[in-house]
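# Remarks on the overall topology
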Amino acid sequence: QVQLVESGGGLVQAGGSLRLSCAASGSIFTINTIAWYRQAPGKQREFVARILTVGLTNYADSVKGRFTISRDNAKNTVYLQMNSLKPEDTAVYYCTSPERLRRDYWGQGTQVTVSS
């Protein structure tokens, strides 16, 4: 069974950058879309970005031009490069797959905190 593990979060000043990683076991990247979601304290989880198996990408309007999602199938890893970070980006970030979304299953996520 495929596992997804997020990493790379941390504390950064506004305007700074972080790169999140989503490491997967198995061959999920060859057959599945991978997406990033985030959840800020007291708020609902929201979509951030997704990447299809063919490399096409989609972003939430709030992160367009600042975040870039990419994948390295050789490493079974999806990345989320986050630039020009804002305090509003503070949240726990999760990576997921269509199956996990359908099941409403979420992993541990990785905390991103952006200070003013």
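Let me sum up the structure you'll find in this document. (Residues numbered from 1 in each chain as written. Predicted model: local features only at pLDDT ≥ 70, side-chain atom pairs only at ≥ 80, totals over all residues. Heavy atoms only, no water.)

To continue, consider the pairing of strand β7 (residues 67-72). Burial of β7 is one-sided: the residues F67, I69 and R71 facing one way are buried, the residues T68, S70 and D72 facing the other way are not. By the bridge criterion, six bridges tie β7 to strand β8 (residues 77-82) in an arrangement that is antiparallel. Counterpart to I69 in the pairing with β8 is L80. Hairpin connection of β7 to β8: four residues between the antiparallel strands, including N76 at a positive phi of 50°. (Buried < 20%, exposed > 50% of the residue type's maximum accessible area, 1.4 Å probe, protein only. Helix = DSSP H or I, 4+ residues; strand = E, 2+ residues; numbered from the N terminus. Pairing = 2+ DSSP bridges.)

Looking now at the state of the cysteines. Evaluated as defined, the whole model comprises one disulfide. Disulfide pairing is shown between C22 and C95; the S-S distance is 2.1 Å. Looking down the S-S bond of the C22 and C95 bridge, the torsion is 75°, so its handedness is right-handed. Of this pair, C22 sits in strand β3 (residues 18-24) while C95 sits in strand β9 (residues 91-96), and the two are 73 residues apart along the sequence. When sorted by exposure, C22 lands in the same class as C95, which is buried. (Disulfide = S-S within 2.5 Å.)

On to the sheet that holds β3. Strand pairing in a sheet is mediated by backbone hydrogen bonds. Such pairs are either parallel or antiparallel. Reading across from one edge, β1-β3-β8-β7 is the order of the four strands in this open sheet, with antiparallel pairing throughout. Edge positions in the sheet fall to β1 (4-7) and β7, since each of these pairs with one other strand and no more. With strand direction ignored, the average angle separating the axes of adjacent strands in the sheet is 15°. When β3 meets β8, the two strands line up antiparallel, connected through six bridges. Each residue of the ladder has a partner; that of L18, found in β8, is M82. (Axes fitted to C-alpha atoms, helices over the stretch in contact; angles between N-to-C directions.)

This paragraph deals with the sheet that holds strand β10 (residues 110-115). Spatially, six strands are ordered β2-β10-β9-β4-β5-β6 in an open sheet, and the strand pairing comes out mixed. The open sheet is flanked by β2 (10-13) and β6 (57-59), the only strands paired with a single partner. Direction aside, neighbouring strands of the sheet carry axes that sit 25° apart on average. Where β2 meets β10, four bridges bridge the pair, whose relative direction is parallel. Among the inter-strand pairings, V12 is bridged to a residue of β10, identified as V114.

If you look at the biggest cluster of nonpolar residues, it comprises 32 residues, and the most contacted ones within it are W36, V48, F67, I69, L80, M82 and Y93. Secondary-structure elements contributing two or more residues to this core are β3, β4 (34-39), β5 (46-51), β7, β8, β9 and β10. In terms of residue count, β9 provides more of this core than any other element does, five residues in total. The contacts of V48, once residues within four sequence positions are left out, are W36, Y37, R38, N58, Y59, A60, V63, F67, L80 and Y93. (Core = buried A, V, L, I, M, F, W, Y, C linked by side-chain atoms within 4.5 Å. Contact = heavy atoms within 4.5 Å.)

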